[in-house]
Structure formats: structure tokens, C-alpha cells
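Each chain, letter by letter, is given below.
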Amino acid sequence: MKISMPTNKNSLAQVSNSFRRFLNCKLYHESDAKLDEWIKSNQIEQLLVVLVDGMGYNQLEKYLSEDMFLRKYCHHKVETVYPTSTVPSTTAVRTGKFPMESGWMGWQQFLSDVDDNYTMYRDAGYYNEYHYSPEQKEKIYPMDLITNDISLKNETAVEVFPAWIHGKNEDFVSLCNEANEYLKVGYKYAYVYWDVYDGTMHETGVASKESLDELYKVNQTLHDLTMMLDSHVGLIIIADHGHVDLDSVNIHDYPQLTQMFRKMPGLELRCASLFIKDEFKASFKEEFNKVLSDKFLLLSKDEVIEKNLFGVGTPHPEFENIIGDFVACAIDKTNLIYRDNDSVFKGYHGGLTEDERYVPVIAFCK
């Protein structure tokens, strides 16, 4: 499989900083010049940003015809940030920061304040299910949200989520309609997040009938949404990552590796932060590569930092604690399972393959 190392130049972080530029907010990085020009040339006055979880660029190329809405209005493609997963990527869109800056780096990550692997969206221990107060996470990983910046400038902005998070809408149509209603009463910026397509691929695979049907529904819903938008509204549709069909291996099948662990792995199933006992740090890479080098690219902490794997900018104070001693990045279709009771997904993300790394920037206005 083709892999793509992060360049940190044409990514979701730059796209998000284009939103910041449009809203006259502080920029954390250069903005996306192509998107800036589109916004300017079309005299956009309000932005509606829709993020469809898991909708990678290559999936649109493979499964939608050129005349279908999402392909017809695909303006360009960009890299997502790394890891290619929901927590770091949606945070980059919502803030304009790379994962190494925000500290929101994976589904579960080591949190030194509680000395545990913390599941970021569930406020619970990943390996023990101990429930923590959300305030502990928010104190260490505050989000500099675009919507907060706009509010400070006396503008109006909103984020709209599905009911399972903290919204009121169970379906995508209602979610989009709610966001449009905010624009109609004068909001300058609305961000919508939708995750059913991603969840369907996890359960049934990327090319399953169920997943393709869901992609077609997304395409139709967003096409229908355009009929209701005012002429000065810019609709930007993006994704956080793509998906690949895969197999899984259990780390516990390699006791020669797990005996070297001082903590269990963090981050993602396809981007593992590994914590190694001091006496094994010199030999770990050789032992790992003997059994998994065809499936994972193993980088030391120094290599991770040198390659700017998790972005550029001022590192979050917890950054080096989170990445551990090594990071194992998936380069083929393999998940690394850490718990014996983990679900075996048919589709997943988090690795370095091009299918996971590239996402579309779809732009529409009347």
C-alpha cells in the first residue's frame, strides 16, 4: 500500500485556519490558499462547515460518479493531521492546531495527572473503565475553539452535534437543517459533525452495501441542503480521515514485546504509543521489527519529533508523555489490538496509508 508521511503544509490545520481568517480570528498557522481564494472570489458572508466522519478523498473517487454532488464540487484534497483519527483530526478542524499543540492526540492517551490511559471522549480509563471527572481532562487539554474566538468578537457561532454527543437530532437531515436555521437568524459560522458513515464502515467494511448506501445518503442530504441555503452562504464539506478494510493482530501474541512494556500502549489501534522499560529501550526496535516491520513503521521518540509526525508548533506540555518511547504507525491493513475483549473492526483508520491520509475539501455556493 502507498503511504504518506505528514508534510504539515496542506492539511486540515491549514483549512481550519482559513475558517479563522474568514472570521478575523487569530491564526495559528498558514491558511489554505486555495480555500481563501474561493471564499474571497465568491464573496462569502457566512460559512457552514460540515464534517463527515470517515469520508476520505479516495472513497469519493472510487465509489461516486463524477456527476454526483460530492465529487462535482470537490475543490481540492488535503492531508488530514496525524494520527488519521477522529479525536486529533476533528480537534484540528475545531481549533486550527495540530495534535502536538492541542494535546488531543488519540482515542486514548496517557494522562500523567491520573497516571492512566484516558479515553478522551468517554472520560474513562481505557484499560480499567474507571470513570473520571471531565474537568480533569479540560484542565490539562483546554480547547481553543474557533467558536469561542468568534464569541469574543461579538459574532455568533455554533457547533451542531448528533444526539449521542450533546445535540438533539438523531438524523443527518435534521442536523443540517438545525445548522441552517442558525445561519438564517444571523450566525456567521456553523460547524456540523456527522458520524454514521464512519460507524457503518467500522462494522461492515469500506465497500459494503451498507457503507455505500450511507455514503449515497450523505451525498443526497448535502445536495438537498444546498437548495435551502441563502446565496451568500458558503458550504464547506470536509472529513477527518479516510478508511481501510483490515485485519487485526493482538499484541499479546508477542510476549517477547509485551515483557518490555512499562505501560500498556496508547493513542490508536493503527498508531500506538509504546512505553518501554529502560533496560529494553536499546533492543526494542530490533525485536519489534523482527515480527511487525511489514505492518508497522516503528519510530523512536526522537524520530517522531524530528519528523514532526504529529504536526508543528509549540508542543503541549504533555506531548512527550503522550507519545512514550516509540510510536508504531500502520503501513498496511492491520490493527494492533491491546485488549483481549477489543472489537475486531472490519474498517478502520489511524495509519499512514494514502486512503486514510487524504480528505476532500468540497466547496459550494449559489
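Keep in mind the model is a prediction, meaning the values are calculated, not measured.

*Asks:* Provide a residue-level description of unusual backbone geometry, including the pertinent values.
*Replies:* The omega torsion of the bond from Tyr-82 to Pro-83 falls at 5°, within 30 degrees of zero and hence cis. Examined against the element boundaries, Pro-83 turns out to sit in the loop between β2 (74-79) and α5 (86-95). Despite not being glycine, Asn-24 shows a phi value in the positive range, around 60°. Within the element layout of this structure, Asn-24 appears in the loop between α1 (12-22) and α2 (33-41). Taking relative accessible area as the criterion, Asn-24 reaches 57% and is therefore assigned exposed.

*Asks:* Break down the nonpolar core for me, citing the residues and quoting the values.
*Replies:* Core analysis: the largest hydrophobic core is formed by 60 residues, its most contacted members being Phe-19, Leu-48, Met-55, Leu-70 and Leu-222. When near neighbours in sequence (up to four residues on either side) are disregarded, Met-55 contacts Leu-60, Leu-70, Tyr-197, Leu-215, Val-218, Ile-237, Ile-238, Ala-239, His-241, Pro-360 and Ile-362. By size, the runner-up hydrophobic cluster in this structure holds 31 residues, among which are Val-87, Tyr-141, Val-327 and Cys-329.

*Asks:* Tell me about the packing of aromatic side chains, residues and numbers included.
*Replies:* Throughout the structure, instances matching the rule amount to 20 aromatic pairs. Taking 5.9 Å as the distance between ring centres and 80° as the angle between the ring planes, the aromatic pair formed by Trp-107 and Tyr-121 counts as edge-to-face. Taken as a pair, Trp-107 in the loop between α6 (99-102) and β3 (108-111) and Tyr-121 in the loop between β4 (116-119) and β5 (124-125) lie far apart in primary sequence, 14 residues in all. Take Tyr-121: its relative accessible area is 31%, and that puts it in the partly exposed class. Taking the centre distance of 6.2 Å and the plane angle of 75° together, the rings of Phe-310 and Phe-319 count as edge-to-face. You'll find Phe-310 and Phe-319 in the same group, each marked buried.

*Asks:* Provide a residue-level description of the pattern of salt bridges, including the pertinent values.
*Replies:* Tallying each qualifying case throughout the model produces 22 salt bridges. Put simply, Lys-62 and Asp-355 hold a salt bridge, and the shortest N to O gap is 3.4 Å. With Lys-62 in helix α3 (residues 57-63) and Asp-355 in helix α16 (residues 354-357), this residue pair connects regions lying 293 residues apart in the sequence. Given the relative accessible area of 51%, Lys-62 is considered exposed. Ionic pairing is found between Arg-71 and Glu-66, a salt bridge with its closest N-O pair at 3.9 Å. Judged by relative accessible area, Arg-71 falls into the buried class, the value being 18%.

*Asks:* Hey, could you go over the layout of surface pockets for me, with residue numbers and the actual values?
*Replies:* There is about 1200 Å³ of room inside the largest pocket. For the lining of the largest pocket, the elements supplying multiple residues, two or more each, are α5, β5, α7 (134-140), β7 (189-194), α10 (196-204) and β11 (261-268). Top element by residues in the lining of the largest pocket is α10. It accounts for 4 residues. Taken together, the residues that form the lining of the largest pocket break down as 21 nonpolar, 12 polar and 14 charged.

*Asks:* How would you explain the environment of Phe-364 if you had to name every residue and give the values?
*Replies:* Examined against the element boundaries, Phe-364 turns out to sit in strand β17 (residues 358-364). Between the C-alpha atom of Phe-364 and that of Thr-221, which follows or precedes it by 143 residues, the distance is 14 Å. Excluding its chain neighbours within four sequence positions, the residues that come into contact with Phe-364 are Trp-38, Phe-69, Tyr-73, Thr-226, Val-233, Gly-234 and Leu-235.

*Asks:* Can you tell me about the packing of helix α9 (residues 172-184) against helix α11 (residues 209-226), naming the residues and giving the values?
*Replies:* For the pair α9 and α11, the least separation of the axes is 10 Å and the interaxial angle reads 25°. By the angle between their axes, α9 is roughly parallel relative to α11. For the pair α9 and α11, the sense of crossing is right-handed. Contacts between α9 and α11 involve Phe-172, Val-173, Cys-176 and Asn-180 on the former and, on the latter, Val-218, Thr-221, Leu-222 and Leu-225. Grouping the amino acids of the contact of α9 with α11 by side-chain chemistry returns 6 nonpolar, 2 polar and no charged.

*Asks:* Tell me about the side chain of Gln-46, residues and numbers included.
*Replies:* By the secondary structure assignment, Gln-46 is in strand β1 (residues 46-52). Among the residues examined, Gln-46 registers a relative accessible area of 7% and is labelled buried. Within the structure, Gln-46 has its side chain in polar contact with the side chain of His-232 (distance 2.8 Å). Filtering out sequence-adjacent residues up to four positions away, Gln-46 remains in contact with Phe-22, Leu-183, Gly-186, Tyr-187, Lys-188, His-232, Val-233 and Gly-234.

Conventions used here
Residues numbered from 1 in each chain as written. Predicted model: local features only at pLDDT ≥ 70, side-chain atom pairs only at ≥ 80, totals over all residues. Heavy atoms only, no water. Helix = DSSP H or I, 4+ residues; strand = E, 2+ residues; numbered from the N terminus. Buried < 20%, exposed > 50% of the residue type's maximum accessible area, 1.4 Å probe, protein only. Core = buried A, V, L, I, M, F, W, Y, C linked by side-chain atoms within 4.5 Å. Contact = heavy atoms within 4.5 Å. Phe/Tyr/Trp six-rings, centres within 6.5 Å; stacked < 30°, edge-to-face > 60°. Salt bridge = Lys/Arg side-chain N within 4 Å of Asp/Glu carboxyl O. 1 Å grid on protein atoms, 1.4 Å probe; cavity = no way out; pocket = protein on both sides within 12 Å on 5 of 7 lines; lining within 4 Å. Points joined across faces, edges and corners; volume = space filled by probe spheres on them. Nonpolar A, V, L, I, M, F, W, Y, C, P; charged D, E, K, R; others polar. Axes fitted to C-alpha atoms, helices over the stretch in contact; angles between N-to-C directions. Parallel < 35°, antiparallel > 145°, perpendicular 65-115°, else oblique. Left-handed = near helix turned anticlockwise from the far one by under 90°. Polar contact = N/O pair within 3.5 Å; in protein donor to acceptor, adjacent residues only side chain to side chain.

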